[in-house]
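What follows is the residue order along each chain.
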Amino acid sequence: MSWSAPAPIPVIPVAPRNVRTARTLWLFSFAAGLAVLVGSFMTRESHLQRLKPVVAGMAPGGDPEAVTTATGIVFWGSMGAVLLVILLEAAMLGVVMGRQGWGRWALLLLLAGHVFVLLVAAAFLVPDGDAGSYVVLLWGLDLLLAVVGLMFFLMPSANAWLKSAR
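Below or above, wherever it landed, is the structure these notes cover. Please read all numbers here as calculations on a predicted model, not as lab measurements.

**A few points about the side chain of histidine 114**
Argument step 1. Note on placement: histidine 114 falls in helix H4 (residues 102–125).
Argument step 2. Within polar-contact distance, the side chain of histidine 114 engages the side chain of aspartate 142 at 3.2 Å.
Argument step 3. Leaving out residues up to four positions away in the same chain, histidine 114 has contacts with Val85, Ile86, Glu89, Asp142 and Leu143.

What follows is the structure, encoded as structure tokens:
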């Protein structure tokens, strides 16, 4: 017995199945994108050797050391841009799972930016041959899973779950 009533404990409703499915699809999307980054990191020497003539062709007669530096900047900048987009999407996924409805629209904008970043990075991170087809396949899977996950977030039961937080 006490003289005061205990503090009310807010009940956190369980996320509907489609919200949990959307979260899972986004997590697999992140895994596919990160797999490309890990593979590119593991084969960075071959990427850098492949990119040197491309960079040298853009600035003919350039200093070999400057070409090497520019090649590194292009490669690591592409990797960093893809990683940054994935990290921002992961942060927005956390916002959505925290029941903030505006996060879905931020995910939509980030997904559009993700497509743009992948198109630019494809020139620098997609190797020739079979390895290149695997990179394109993983990036396609990355985008497909993210789009389907976003569609699950836009379903009516997800809207009801997000509105119940207010």
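On we go.
**A closer look at the packing of aromatic side chains**
Argument step 1. Counted according to the given criterion, the structure contains three aromatic pairs.
Argument step 2. On the basis of an interplanar angle of 50 degrees and a centroid distance of 5.9 Å, the ring pair of tryptophan 26 and phenylalanine 30 is categorised as tilted. With tryptophan 26 and phenylalanine 30 both in helix H1 (residues 17–42) and four residues apart, the pair spans about one turn of that helix. For the residue pair tryptophan 26 and phenylalanine 30, the accessibility class agrees, reading buried in each case.
Argument step 3. Ring geometry for phenylalanine 75 and tryptophan 76: centres 5.0 Å apart, planes at 75 degrees, overall edge-to-face.
Argument step 4. For tryptophan 76, a relative accessible area of 39% puts it in the partly exposed group.
Argument step 5. Arginine 44 extends its terminal NZ or CZ atom over the ring of phenylalanine 41, reaching a point 4.2 Å from the ring centre.

Rules of the game
Residues numbered from 1 in each chain as written. Predicted model: local features only at pLDDT ≥ 70, side-chain atom pairs only at ≥ 80, totals over all residues. Heavy atoms only, no water. Helix = DSSP H or I, 4+ residues; strand = E, 2+ residues; numbered from the N terminus. Polar contact = N/O pair within 3.5 Å; in protein donor to acceptor, adjacent residues only side chain to side chain. Contact = heavy atoms within 4.5 Å. Phe/Tyr/Trp six-rings, centres within 6.5 Å; stacked < 30°, edge-to-face > 60°. Buried < 20%, exposed > 50% of the residue type's maximum accessible area, 1.4 Å probe, protein only. Lys NZ or Arg CZ within 6 Å of the ring centre and 35° of its normal.

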